[in-house]
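Summary of the model geometry
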Amino acid sequence: AQSVTQLDSQVPVFEEAPVELRCNYSSSVSVYLFWYVQYPNQGLQLLLKYLSGSTLVKGINGFEAEFNKSQTSFHLRKPSVHISDTAEYFCAVTTGRSGGYQKVTFGTGTKLQVIP
Amino acid sequence: KAGVTQTPRYLIKTRGQQVTLSCSPISGHRSVSWYQQTPGQGLQFLFEYFSETQRNKGNFPGRFSGRQFSNSRSEMNVSTLELGDSALYLCASSSIAGVQETQYFGPGTRLLVL
């Protein structure tokens with residue numbers, strides 16, 4: 001069975017400061033990892049995903065994440081946040097690349113609050 | 001290209017009633033998935049449709065059902081509503097099934113059961 005843990009439920013950060021949102025997963029087999037963002041009253045939007053290849057994944061809006069197999073982590077980073085980054089961020093994991101999204105497990109979310 | 005649209009955006013029902021939610025995927029997308037999002041349980045997969053066939057179903061009771069039409073539009077139905085069905089219901093579409101294809105989410109339908 002797979003699981004994903006987002007260690008911080010809320011992260012406050014000043015505008016233009018760097019941020020890291022932490023995500024750890026548990027799985028006995030190879031995994032595929034995702035980060036989504038959800039703005040208030042909206043659906044989810046894919047920020048980035050790791051399926052294979054380079055462990056440093058670059059996404060939209062200046063975000064990036066690094067897949068660390070030894071530490072079973074997939075932390076999301078941004079070097080300088082903007083007010084518009086205020087949202088909830090979800091980490092997700094699946095072990096079934098050929099399967100559908102029914103096998104994806106979502107984390108509980110981290111609310112990023114950017115302080116002006 | 002228009003995004004995923006969901007109707008209605010907000011809904012209030014009472015226990016025991018039934019409800020139908022609609023999702024129109026991005027043009028050309030054939031895969032539609034539904035999710036339930038609640039503060040307590042988080043995001044949970046409901047079911048996935050591809051070319052009018054249900055491919056996968058999550059761990060939800062039979063009161064939750066869905067279908068997909070030939071134009072890829074999808075509906076989900078919840079019968080005999082319970083208070084615990086209050087949630088944000090999200091629909092997502094992708095061109096084909098499989099996690100290698102990016103899913104695009106709609107804004108959701110917020111259902112309140114009284």
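Below is a short write-up of the structure. (Residues numbered from 1 in each chain as written. Chains lettered and ligands numbered in written order. Predicted model: local features only at pLDDT ≥ 70, side-chain atom pairs only at ≥ 80, totals over all residues. Heavy atoms only, no water.)

Side note on the pattern of salt bridges
Enumeration over the complete set of coordinates arrives at 10 salt bridges over all chains. Here E64(A) makes a salt bridge to K58(A), at a shortest N to O gap of 2.8 Å. When its relative accessible area of 23% is taken as the criterion, E64(A) is described as partly exposed. Here K58(A) falls in the exposed class, since its relative accessible area comes to 60%. Among the ionic pairs, E75(B) bridges to R67(B), the shortest N-O distance being 3.3 Å. For E75(B), a relative accessible area of 17% corresponds to the buried category. The network of salt bridges with shared partners includes E20(A), E66(A) and R77(A). (Salt bridge = Lys/Arg side-chain N within 4 Å of Asp/Glu carboxyl O. Buried < 20%, exposed > 50% of the residue type's maximum accessible area, 1.4 Å probe, protein only.)

Quick notes on the environment of V57(A)
Residues and elements named next belong to chain A. Mapped onto the elements of the fold, V57 is located in strand β7 (residues 56–58). Judged by its relative accessible area of 10%, V57 falls in the buried class. For the pair V57 and F74, spaced 17 residues apart in the sequence, the C-alpha separation amounts to 9.8 Å. Ignoring sequence-local partners within four residues, the contact set of V57 consists of L48, K49, Y50, F63, E64, A65 and F74. (Helix = DSSP H or I, 4+ residues; strand = E, 2+ residues; numbered from the N terminus. Contact = heavy atoms within 4.5 Å.)

As for the interface of chain B and chain A
Contacts between the two partners involve 19 residues from chain B and, on the opposite side, 20 residues from chain A. Carbon and sulfur atoms make up 58% of the area that chain B and chain A hide from each other, which totals about 1700 Å². Ranking the residues of chain B by area buried against chain A places L43(B), V99(B) and F105(B) at the top, with a combined share of 36%. Applying the counting rule to chain B against chain A returns 0 salt bridges. Counting every contact that joins chain B to chain A gives 4 residue pairs in polar contact (both at pLDDT 80 or more). At the level of secondary structure, the elements contributing two or more residues to the side of chain B that touches chain A comprise β4 (31–38), β5 (42–50) and β9 (87–94) of chain B. Element by element, the count of residues in the side of chain B that touches chain A is highest for β5(B), at 3 residues. Residue composition of the side of chain B that touches chain A, by class: 9 nonpolar, 7 polar and 3 charged. (Buried area = accessible area lost by both parts, 1.4 Å probe. Polar contact = N/O pair within 3.5 Å; in protein donor to acceptor, adjacent residues only side chain to side chain. Nonpolar A, V, L, I, M, F, W, Y, C, P; charged D, E, K, R; others polar.)

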